[in-house]
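Chain by chain, the residues:
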Amino acid sequence: MESETQVTGKEQAAAEEEKPMNIMVAIDESDDSFSSLRWALDTIIKRPSQILTVVHVMEPMPRYAFPGGQVVESASKAQQDNAAKLLSRASEQCKEKSVNAKTLILEGDPKDTICSAVEEMNVNLLIVGSRGLGQIKRAFLGSVSDYCVHHAKCAVLVVRQPKRTT
Amino acid sequence: MGRKILVAVDQSEESVHALSWCLKSLIDCRDTLVLLFAKAPLAVYSATDSTGLPVSSSIIATMEGYANEMAAGVMKKATTLCKKLNDEVVVETIVEHGDPRDVICEVAERLKVDFLVMGSHGYGLIQRAFLGSVSNHCAHNAKCPVLIVKMPKNN
């Protein structure tokens, strides 16, 4: 009678490697976002079991509220075009690194929207830049990234790269 | 082309969870894991204890001994976990003295690690705090990418 082969630690690790991992990278118009995406593609995205989604959240500009009327808040056509361009640029970056990424455009307050998306889409790892649109030079954490670090229900990776001193 | 990853460890369950999550989800066998335990300096500054008698050096030595034992214990548990989950990855250990907030950021910069991993809470697991003070500090101030791993809440 054949004895059952023991599952070694390495085989176990290999079996677990096959488990899909949902990774979400949030981007905005800033250069910081795109360099964070580049860093993630170089350093984090290494296994075929990792499923990458690049997300951009459009924050609709509030329209005027007419007396007695409703405030219509939805993203303008210009914003939608801009979002599509951003994600197309992100997509190109992913393709350059031979990574197959999905893209997603969402609408709303970025910090809440990203955290909700993490929950709804069962994201295992959220990757954000550190600065976003604020151009303050000192090392600090932008408000959306800070919110996500505190509130997202998954692991959060804040990408910050050491500045090269010239 | 392996990565060098710094993992901050302490006695908390969160830190063990962060290390094992990292090993299972991110690390591959070409990486080097550096486990860092920051030993906060002993807060024994008064020359006398509550009875008015001088604090003897043997008490201080005992406390130091206890702190060292704890550091060794945490490291042993962490390295055993690494071996169990991925026996090919290279593991280095560092024990440093000082405030964890500063020690972690400083070591990450000194070693030029690819990124830093920590749990979301350490010693003080205050239920209402979303993020412990050390993790919060490092997320803001480390000069390298920081990965904060959270333990799923059992609600």
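As a reminder, the structure under discussion sits directly above these lines.
What comes next is a walk through the structure. (Residues numbered from 1 in each chain as written. Chains lettered and ligands numbered in written order. Predicted model: local features only at pLDDT ≥ 70, side-chain atom pairs only at ≥ 80, totals over all residues. Heavy atoms only, no water.)

Opposite the 29 residues of chain B that make contact, chain A presents 30 residues. It is His140(B), Pro145(B) and Lys150(B) that lose the most area in chain B upon contact with chain A, and together they represent 23% of the buried surface on that side. On inspection of chain B and its partner chain A, the count reaches 0 salt bridges. There are 12 residue pairs in polar contact (both at pLDDT 80 or more) connecting chain B and chain A. Elements supplying a minimum of two residues to the side of chain B that touches chain A: α1 (13-25), α4 (133-141) and β5 (146-149) of chain B. Residue contributions to the side of chain B that touches chain A peak at 5 residues, all from α4(B). Split into classes, the residues belonging to the side of chain B that touches chain A amount to 17 nonpolar, 4 polar and 8 charged. Note: strand β5 (residues 155-159) of chain A against β5(B), 3 bridges, orientation antiparallel. (Contact = heavy atoms within 4.5 Å. Buried area = accessible area lost by both parts, 1.4 Å probe. Salt bridge = Lys/Arg side-chain N within 4 Å of Asp/Glu carboxyl O. Polar contact = N/O pair within 3.5 Å; in protein donor to acceptor, adjacent residues only side chain to side chain. Helix = DSSP H or I, 4+ residues; strand = E, 2+ residues; numbered from the N terminus. Nonpolar A, V, L, I, M, F, W, Y, C, P; charged D, E, K, R; others polar. Pairing = 2+ DSSP bridges.)

Now for the pairing of strand β4 (residues 125-129) of chain A. All names here are of chain A. Taking burial as the measure, the 5 residues of β4 include 5 buried ones, the bulk of the element. Neither face of β4 is left uncovered, since the one carrying Leu125, Ile127 and Gly129 and the one carrying Leu126 and Val128 both have all their residues buried. Inspection of the sheet shows β4 paired to β5 by 5 bridges, in the parallel sense. Bridge pairing in β5 places Ile127 opposite Leu157. (Buried < 20%, exposed > 50% of the residue type's maximum accessible area, 1.4 Å probe, protein only.)

Considering all chains together, one arrives at 1 aromatic pair over all chains under this definition. Ring centres of Trp39(A) and Phe115(B) lie 6.0 Å apart, and the angle between their planes is 80°; on these two criteria the pair is classed as edge-to-face. A residue pair is termed interchain when its members come from two chains, as with Trp39(A) in helix α2 (residues 31-43) and Phe115(B) in strand β4 (residues 115-119). In this arrangement the basic side chain of Arg89(A) is found over the ring face of Phe34(A), its NZ or CZ atom lying 3.7 Å from the centre. The ring centre of Tyr147(A) lies 5.9 Å from the NZ or CZ of Lys111(A), which sits over that ring. (Phe/Tyr/Trp six-rings, centres within 6.5 Å; stacked < 30°, edge-to-face > 60°. Lys NZ or Arg CZ within 6 Å of the ring centre and 35° of its normal.)

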